[in-house]
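The primary structure of each chain is shown beneath.
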Amino acid sequence: MEISVENPAPVEASQLDSPIVPAIEVDPSKTSKKWSREDAAQFYNIDGWGSGYFSVNDKGNLTMLPKGEGGPCIQILDIVEEILQQHIGLPCIIRFQDILRDRVKGLNETFRKVLTELRYQGSYRGVYPIKVNQLREVIEEILDAGLPYHYGLEAGSKAELQVVLAYNADPEALTICNGYKDSEYIRLALLGRQLGRKVVIVIEQMSEVALIMKVAKEVGIMPLLGVRAKLSSKGSGKWEHSAGDGAKFGLSSTEILQAVETLREANMLHCLELLHFHIGSQIPDIRTIREATMEGGRYYSNLRKTGAPLKYIDIGGGLGVDYDGSQSNSDYSINYSLEEYISNVTDTIQQICDEANEPHPHLVSESGRSITAHHSCLIMNVIGSNAPVHAVPTALSETLKTSEFATEVFEILSKITPKNALGAYHDALSKREEALNRFKLGLISLEERAFVEEVVKEIQLWILRNKKRMKRQSADLDEIASKATTQYLVNFSVFQSAPDHWAFDQLFPIVPLHRMLEAPRKNCSLVDITCDSDGVIDRFIARDQAYDTGLQLHQLNGRPYYLGMFLTGAYQDIMGDLHNLFGRVNEVHVFSDDDDPEDFYIQEIIPGDTISSVVEENQFIPAELAKMVRLAVEEKVKEGKIKPRDGVQLVDFYEKVMQGYTYLRN
Ligand SMILES: *Cc1c(COP(=O)(O)O)cnc(C)c1O
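What comes next is a walk through the structure. (Residues numbered from 1 in each chain as written. Predicted model: local features only at pLDDT ≥ 70, side-chain atom pairs only at ≥ 80, totals over all residues. Heavy atoms only, no water.)

1. Digging into the site of the ligand
To keep it simple, the criterion reads: The nearness test applies per residue and asks whether one of its heavy atoms lies within 4 Å of the molecule or strand. Polar contact is the term for a pair of N or O atoms within 3.5 Å; when the atoms are in protein, one must be able to donate a hydrogen and the other to accept it, and sequence-neighboring residues count only if both atoms are side-chain atoms. Note on areas: these come from Shrake-Rupley sampling with a 1.4 Å probe, and a residue is covered only by the protein chains present in the view. Here the term charged refers only to Asp, Glu, Lys and Arg, the term nonpolar to Ala, Val, Leu, Ile, Met, Phe, Trp, Tyr, Cys and Pro, and the term polar to all other amino acids, Gly among them.
As a structural note, the neighbourhood of the ligand is formed by 17 residues, with Lys-131, Ser-281, Glu-366, Gly-368 and Tyr-571 the closest of them. At 2.6 Å from an oxygen atom of the ligand is found a side-chain nitrogen or oxygen belonging to Lys-131. Within the contact set of the ligand, an oxygen atom lies 2.6 Å away from a side-chain nitrogen or oxygen of Tyr-571. Taken by itself the ligand offers 390 Å² of open surface, and the protein chains cover 91% of this. For the shell around the ligand, a count of residues per class yields three nonpolar, nine polar and five charged.

2. Remarks on helix α21 (residues 622–638)
We apply this condition: Helix and strand definitions follow DSSP, with helices as H or I runs of at least four residues and strands as E runs of at least two, each counted in order from the N terminus. To estimate the expected span of a helix, count its residues, drop one, and scale the result by 1.5 Å. Each residue gets one of three labels from its accessible area relative to the maximum for its type: buried under 20%, exposed over 50%, partly exposed in between, using a 1.4 Å probe on protein chains only. The arc in question is traced by the directions running from the helix axis to the C-beta atoms. Contact criterion: two residues are considered in contact whenever any of their non-hydrogen atoms come within 4.5 Å of each other.
Counted at 1.5 Å a residue, the expected span for α21 with its 17 residues is 24 Å, and the 24 Å between its end C-alpha atoms agrees. Residues Pro-622, Leu-625, Ala-626 and Val-633 constitute the buried set of α21. Taken around the axis of α21, the buried residues stretch over an arc of 95 degrees, which confines them to a single face. Facing away from the buried side of α21 by over 90 degrees, the exposed positions are Ala-623, Met-628 and Lys-638. Each element contacted by the buried residues of α21 is listed here: α20 (611–617) and α22 (644–658).

3. Thoughts on the nonpolar core
Spelled out, the test is: Residues belong to one nonpolar core when they are buried, are Ala, Val, Leu, Ile, Met, Phe, Trp, Tyr or Cys, and are joined through side-chain atoms within 4.5 Å. A domain assignment, automatic or from a database, supplies the domain bounds used here.
One finds Phe-54, Ile-76, Ile-94, Phe-96, Tyr-128 and Phe-566 to be the most contacted residues of the largest nonpolar core, which totals 144 residues. Examining the composition of this core, we find that seven residues originate from one element, helix α4 (residues 97–117), more than from any other. When residues are assigned to domains, this core turns out to be shared by domain 1 (32–89 + 376–388 + 487–540 + 558–608) and domain 2 (98–367), each giving three or more. Once residues within four sequence positions are removed from consideration, Phe-96 is found in contact with Phe-54, Met-64, Ile-76, Ile-79, His-375, Cys-377 and Val-590.

4. Let's talk about the packing of helix α7 (residues 183–194) against helix α8 (residues 207–219)
Rule in force here: Axis geometry follows a simple rule: fit a line to the C-alpha atoms, using only the stretch in contact for helices, then measure angles between N-to-C directions, giving values from 0 to 180 degrees. Note on angle classes: values under 35 degrees are labelled roughly parallel, values over 145 roughly antiparallel, values of 65 to 115 roughly perpendicular, and the remainder oblique. For a crossing to be left-handed, the near helix must be turned anticlockwise from the far one by less than a right angle; the clockwise case is right-handed.
The geometry of α7 relative to α8 is characterised by a closest axis approach of 10 Å and an angle of 50 degrees between their N-to-C directions. Viewed along their axes, α7 and α8 adopt a mutual orientation that is oblique. The crossing of α7 and α8 is right-handed. Judged by residue contacts, Ser-183, Ile-186, Arg-187, Leu-190 and Gln-194 of α7 engage Leu-211, Ile-212, Val-215, Ala-216 and Val-219 from α8. Across the contact of α7 with α8, the residue classes break down as seven nonpolar, two polar and one charged.

See below:
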């Protein structure tokens, strides 16, 4: 029998001392309060992390509102249906191109608004760092949406600069060149200058100063230069190592002064127009941003005084995304809005410049995460569950009643309360230990042993259901509760589609796409289809604490059950690896369309990797593999072990699978 875990909903005070809360699933239609779409939205904290782009409709389905409230409203399940009709397999990425546009517009318009309100003299000239999502369609959409604002691009390598040079053709928009540079990289940047573009080479290492001067002289083109300061203000959170003394990039204060002198001597100081800093990605706390901007602002005003004609301050990335929707300074959240971020930066720089009597610089930011995170999600289907068989020990059977041992064990369970639960659990554990020893010696029966094991499981489930009622919260409780989760097997690979979850414990909101008028009563962890025990998601966003050890989902009912993993558009969906040769996933690009009855159309389909393409990446030749299998089959045909006609079909089958998708067929 499968046991279902009751949703740990608020408990009545009168229930608090009742020894046993029934473990049997409560039929939602029989409980007084029905589960509504508002309950679901609140439960999955959709308003918290969704930034207004997601909602639940009255059918209990998850919807997407690419242009916010009042605009088109797309049922994500409709997209999934269309995907499946077109024989595109799951898992599949959906890109909402309208959200990308909305993010670009939001950033630029908010900067405009704040600069006007503060009567700031400079303008905003943002750039999109393409490393955050390098897909052509993503970059094209961002550039197109950014056209009215002269929104530019940032490159961090030669390969990225190749792309950026071709695409960023607006002579007013900036191209920022960061990262390690060789002479080819510098020549590419100068090629951009010859094309009349604002390409800024940012000096990140002392050695680059001489190299840039040498190449510029050879080509006979004056570069536009920036310098990256290694600030001592550090980001907090997961990516804090981008600043501070040990950081990989940037010049120390002494080095910057030296670089200025070197450029002055070479008559190139007039090229130095930009001061850059980047203290890390996903900065949760607005105070950190203010500190860094203060330090950067002082660099600007001091360098101006030494004669460097700086015109731009580039505050780098770091503008975060509220992955858990808690609006806090937790690692997965941010405690500020876009407007607060911009106001803080602008106001800080303005004050410093006014005080120092220096002109307000143009502001540049390199926000990548905040532009791309929301626009894509991964759609996955649940293939099955690994619910352990659990016989709820509600009473002692006739045979067990005569067992002193079983009676003692049952006592522990029937007297459990929030106060003594932890102790009861440990008592039950030692009883289980004792049962094992006695069983080996032939002192107790298999039935008695099984009973103790079920009691331990039942206490784990009890703790899971009642965790919130227990005063002393401890990591122990989480650990115990996590033992009571059901594993849902999901058709995806963590390594391909959520690499940051695996590498940094990054959390992403995961929500069912449907059935949200039913209370979700299964406490789940998600296991992927790789053979790696790290291929698991067992930490989930939680509103009132750092994370939850389980995700409440619906009981599987034999029909398809779809989940969406959201906010995966930054750093995830193009970075994954080929663990177990699970390749790139299929992708559809969706646009909203008011004229369409379903409010959307699929503009483009990008098929994911086939098995033949992933094996080729490891130097195998699919035709050779097929030949090897064919020869082996022919051998068996000759021996009479396989019929000739079956042999042909087997080889055909092998070749057909080679051309197919790497994930499980749905
Ligand atoms: C990665 C990176 C960014 C992007 O940062 P986000 O936090 O994603 O906006 C910007 N600038 C530099 C130098 C980077 O390395």
